[in-house]
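# Structure assessment
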Amino acid sequence: MKIRTALFALSLLLAGCAPQGEASPAPQKLRFAQQSMDPVEHGERLASVLGCKGCHGKDLTGTDWSDELGTLWTANLTQSAARHSDAELVEMITLGKRPDRALMGMPSYLFTQLHEDDLRAVIAYLRSVPVTGEVHPPPTIGPKLAEQIASGEYLDAAQEAARDRAVWPPDMGPQHAMARHIVRATCAECHQLDLRGEDPPSPDERRSADLRIVASYEPDDFVRLMRTGKAAGNREVGLMSEVARNRFAHLTDNEVEAIRAYLVAVARRDP
């Protein structure tokens, strides 16, 4: 299954579930590490780590996710950045809505706790990319998806963001706060906000893992997986291999080690 189909189907399943994780007052918002003081360069790194390029294409001009559920394109972000104000772009990213409608398939719930400076950097990067490509048509809803919307099984991005904005992965103390923040904005997309994983949308796909499994990894094996997508024994592990190469390879060494330490702590407290 192509990554775009897997992620869209996954978003449908996530939307029908109750929030999982810890509902608590939001901690102080943290910033991702700045490898460059240039906001455009910092924003470009974040656009990779957070999955903007994965869903909207490496050139940010959008990808066709249409299937039997309906016609759905991810937005052409070069066009969106030219047409919308900074405030409108922030609402799209963090609240899942634009001035005329809610978004569909956008994982805004992951980004509700991003620091304002990181959001500004992402927007600065989007505005730095030359405007190109077409403005894609609005979504059309097929009969099956219409039923899921009517029954409440499917939630749009604005509904998901409202539901999950205060839900966090396990709190392992201030020494793990940055890793918890990164994991919430990235890993939770596939592994749930409680990090327990879930069954796949298709029998052809593997279950997303309970991330407590990281406690069983040798440190070098975990780093190799995050950098190259290769698990122990030089194995490909489905969607995770693609995500690691395209997104997590852009994490800093300190971020990767912090994530490992946090997930090991989670496994030891709550196996």
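These remarks concern the structure in this document. Since the structure is predicted, the reported quantities are computational estimates derived from the model, not experimental observations.

Now for the overall build of the chain. Secondary structure summary: the chain contains 13 helices and eight strands in total. Long-range contacts, defined here as pairs at least 24 residues apart, represent 69% of the contacts in the chain between residues at least 6 apart. Of the roughly 12700 Å² that the chain leaves accessible, carbon and sulfur atoms contribute 54%.

We now examine helix 12 (residues 239-246). Listed in full, the buried residues belonging to helix 12 are Ser241, Val243 and Ala244. Each buried residue of helix 12 sits inside an arc of 165 degrees when the element is viewed along its axis, so together they form one side.

The next thing to look at is the packing of aromatic side chains. Each aromatic ring pair is described using two quantities: the centre-to-centre distance and the angle formed by the ring planes. All chains considered together, the criterion is met by one aromatic pair. Measuring from ring centre to ring centre gives 6.4 Å for tyrosine 217 and phenylalanine 222, while their planes differ by 90 degrees; the resulting arrangement is edge-to-face. We classify phenylalanine 222 as buried; its relative accessible area is 3%. Arginine 184 extends its terminal NZ or CZ atom over the ring of tryptophan 168, reaching a point 5.1 Å from the ring centre.

Below, the discussion takes up the side chain of arginine 212. Residue position: arginine 212 is located in the loop between helix 10 (188-191) and helix 11 (219-228). A distance of 3.3 Å separates a polar atom in the side chain of arginine 212 from the backbone oxygen of aspartate 194. A polar atom in the side chain of arginine 212 sits 3.4 Å from the backbone oxygen of leucine 195. Dropping the residues within four chain positions of it, arginine 212 is found in contact with Pro170, Asp194, Leu195, Arg196, Val266, Ala267, Asp270 and Pro271.

What follows deals with the environment of glutamate 218. The topology assignment puts glutamate 218 in the loop between helix 10 and helix 11. With 14 residues separating them along the chain, glutamate 218 and alanine 232 place their C-alpha atoms 8.9 Å apart.

Two numbers describe how helix 11 lies on helix 13 (residues 253-269): the axes approach to 10 Å, and their chain directions differ by 125 degrees. The orientation of helix 11 relative to helix 13 falls into the category oblique. Taken as a pair, helix 11 and helix 13 cross one another with a handedness that is right-handed. Contacts from Pro219, Phe222, Val223, Met226 and Arg227 in helix 11 reach Asp253, Val256, Ile259 and Arg260 in helix 13.

On to helix 5 (residues 86-95), then. An α-helix turns once per 3.6 residues; consequently, residues spaced three or four apart project the same way. Residues Leu89, Met92, Ile93 and Thr94 constitute the buried set of helix 5. Taken together, the buried residues of helix 5 touch helix 4 (77-83), strand 3 (97-98), helix 6 (116-128) and helix 8 (157-164). Phi turns positive, to about 75 degrees, at glycine 96, one or two residues after helix 5.

Structurally, serine 208 is set in the loop between helix 10 and helix 11. What makes serine 208 buried here is its relative accessible area of 14%. Polar side-chain contacts of serine 208 include one of 2.8 Å to the backbone oxygen of cysteine 190. Looking at serine 208, its side chain comes within polar contact range of the main-chain nitrogen of glutamate 198, at 2.9 Å. Leaving out residues up to four positions away in the same chain, serine 208 has contacts with Cys190, His191, Gly197 and Glu198.

Before going further, it helps to examine the packing of helix 9 (residues 177-185) against helix 13. For the pair helix 9 and helix 13, the least separation of the axes is 8 Å and the interaxial angle reads 95 degrees. The angle between helix 9 and helix 13 falls in the class roughly perpendicular. Residues Ala179, Arg180, Ile182 and Val183 of helix 9 touch helix 13, and the partners they reach there are Glu255, Ala258, Ile259 and Tyr262. A class-by-class count of the residues in the contact of helix 9 with helix 13 yields six nonpolar, no polar and two charged.

Another point: the environment of aspartate 270. Its location among the elements puts aspartate 270 in the segment after helix 13. When the C-alpha atoms of aspartate 270 and arginine 212 are compared, they prove to be 8.4 Å apart, with 58 residues separating the residues in sequence. Excluding anything up to four places from it in sequence, aspartate 270 contacts Arg196 and Arg212.

All right, on to the pattern of salt bridges then. By the definition in use, this model includes 19 salt bridges. A salt bridge links glutamate 116 to lysine 29; its shortest N-O distance comes to 3.8 Å. With a gap of 87 residues between them, glutamate 116 in helix 6 and lysine 29 in the loop between strand 1 (22-23) and helix 2 (39-49) connect regions that are remote in the sequence. Owing to a relative accessible area of 37%, glutamate 116 belongs among the partly exposed residues under this scheme. Taken together, the shared-partner salt bridges connect Arg31, Asp117, Asp118 and Arg120 into one network.

Rules of the game
Residues numbered from 1 in each chain as written. Predicted model: local features only at pLDDT ≥ 70, side-chain atom pairs only at ≥ 80, totals over all residues. Heavy atoms only, no water. Helix = DSSP H or I, 4+ residues; strand = E, 2+ residues; numbered from the N terminus. Contact = heavy atoms within 4.5 Å. Areas by Shrake-Rupley, 256 points an atom, 1.4 Å probe, with all protein chains shown as cover. Buried < 20%, exposed > 50% of the residue type's maximum accessible area, 1.4 Å probe, protein only. Arc of directions from axis to C-beta. Phe/Tyr/Trp six-rings, centres within 6.5 Å; stacked < 30°, edge-to-face > 60°. Lys NZ or Arg CZ within 6 Å of the ring centre and 35° of its normal. Polar contact = N/O pair within 3.5 Å; in protein donor to acceptor, adjacent residues only side chain to side chain. Axes fitted to C-alpha atoms, helices over the stretch in contact; angles between N-to-C directions. Parallel < 35°, antiparallel > 145°, perpendicular 65-115°, else oblique. Left-handed = near helix turned anticlockwise from the far one by under 90°. Nonpolar A, V, L, I, M, F, W, Y, C, P; charged D, E, K, R; others polar. Salt bridge = Lys/Arg side-chain N within 4 Å of Asp/Glu carboxyl O.

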